[in-house]
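# Examining the three-dimensional arrangement
Okay, here's what each chain looks like letter by letter:
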Amino acid sequence: MQQDKVKVTLGGISASMLSCLWGRAQLSKDHSSLFYDAKAIELVEKIDYDFSASDVPPFVGIMLMFNLSGKVNRPEFCLGPIRAKQFDEKAKAYIAEHPRASVINIAAGLDTTFYRVDNGLIHWYDLDLPAVIDIRRQLLPEPDRVTYIAKSLLDPSWCKDITHTEDGVFMIAGGVLGWFDKSEVEQFFSMLADNFPDGEIVFDAMSRLDGGFRTWMDNFPPEQQDAMRAAWMEAMKEWWEKAPQDQKDKAITALKTPTKPKGTEWADIEAWWNQHSDEEMAEAFMTAFSPIPSGGDQWALEDANEITKWDNRITVIDQFPMSKNIPRESLSADMRRFMDYSDERGEWNIFHLRV
Ligand SMILES: C[S@@+](CC[C@H](N)C(=O)[O-])C[C@H]1O[C@@H](n2cnc3c(N)ncnc32)[C@H](O)[C@@H]1O
């Protein structure tokens, strides 16, 4: 019943956890042999939120990359479930060797990895910002052996909340580090090395911030490129018309394009957008339309050896493209094409480090 549902109103990066959750639930329903998360399905049903239309503009860009039209939130638009599957394999392997380990899900959102990998012995911690942990508690009270930590990942005090470290520490950080700037990410890794020597972490990162937009478009015949642009505009319009005025004003102020829209009506945006190249569109998208207000200086990582240069205590265990070894025969042709394309170019990767 609607009144029993938990209403979720969050903005920016925290709202993006809903798309990830939705993606995991949807993939579980459509492709259960590839990935199955009963808790994600249950959570989506408990939440009072319009999952059919996202208020997180970046997903518009991902949608365009997938060459799909229609509603913004569809599993194909979010590689969240693929990332979750990769992290599950890594977590299960670590837990098999360290059955009483502590596992810390950093920026957990509404992720339910614990239920997918639990061996009945591990200690689990889900960390996220206080507003998110509050929602998480309402939807999913802490089970035994699980502790929620309502702190920023940049706040070193959370490391002291991990009380059990003697049987190994494994961390996952999905869909989050790319939202910070390089110096913050650098501090974050040093903090991990200070507090969890020999601990391991898996996380994902884009290799470049523009997402290879132009070259991706070049893969398609011109008429299909037009259809992709039209799909982008349609989704952008849907988001723009719902966005609050202050968000629109902020986006326009942040634009670095040679000209700016004449006003904040959709027609003004469309007219302005049509004057710009795909590269400028991609740039505008990654900066002004990003949910992170500063925009533009977010972190990307091509090779994890960059991190070992920041801090020589850190070593690389593994790094590979996001969809590596994911069986994709049952997925849509668009999804498969995106996965192949992204993997070939190393656009979005999984990293596994020892700190
Ligand atoms: C894209 S979501 C990913 C959530 C989850 N990892 C998943 O895969 O479903 C990004 C998450 O980062 C969290 N986040 C953003 N800034 C954070 C911070 N400073 N400290 C901890 N979490 C943060 C958001 O609240 C949100 O839950």
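Residues numbered from 1 in each chain as written. Predicted model: local features only at pLDDT ≥ 70, side-chain atom pairs only at ≥ 80, totals over all residues. Heavy atoms only, no water.

As a further point, take unusual backbone geometry. The residue Ala 107 is not glycine, and still its phi comes out positive at about 60 degrees. Looking at the element boundaries, Ala 107 is found in the loop between β3 (102–106) and α5 (113–117). Residue Ala 107 is classed as buried on the basis of its relative accessible area, which comes to 18%. Backbone geometry places Asp 198, a non-glycine residue, at a positive phi of 80 degrees. With a relative accessible area of 55%, Asp 198 lands in the exposed category. (Helix = DSSP H or I, 4+ residues; strand = E, 2+ residues; numbered from the N terminus. Buried < 20%, exposed > 50% of the residue type's maximum accessible area, 1.4 Å probe, protein only.)

The next point concerns the nonpolar core. One recurring pattern in soluble globular proteins: nonpolar side chains tend to sit buried together. In terms of nonpolar packing, the biggest core is built from 49 residues, with Ile 47, Leu 110 and Leu 139 touching the most fellow members. For this core, the domains that each give at least three residues are domain 1 (2–77) and domain 2 (84–355). Tyr 125, Leu 177, Phe 203 and Ala 304 belong to the second largest nonpolar core, which has 34 residues in total. (Core = buried A, V, L, I, M, F, W, Y, C linked by side-chain atoms within 4.5 Å. Domains from an automatic or database assignment.)

This part takes up the environment of Thr 112. Residue placement: Thr 112 occurs in the loop between β3 and α5. For Thr 112, a relative accessible area of 1% translates into the label buried. Between the C-alpha atom of Thr 112 and that of Ala 40, which follows or precedes it by 72 residues, the distance is 6.8 Å. Ignoring sequence-local partners within four residues, the contact set of Thr 112 consists of Asp 37, Lys 39, Ala 40, Leu 43 and Leu 140. (Contact = heavy atoms within 4.5 Å.)

With that out of the way, let us pick up the pairing of strand β9 (residues 348–354). Counting buried residues along β9, six of its seven residues qualify, which places the element largely inside the surrounding structure. Inspection of the sheet shows strand β7 (residues 200–206) paired to β9 by seven bridges, in the antiparallel sense. In the strand pairing of β9, Met 206 is matched with Trp 348. With six bridges connecting them, strand β8 (residues 315–321) and β9 associate as antiparallel partners. The residue of β9 that forms the bridge with Pro 321 is Asn 349. (Pairing = 2+ DSSP bridges.)

Read these as layout, nothing more, since geometry by itself doesn't imply function.
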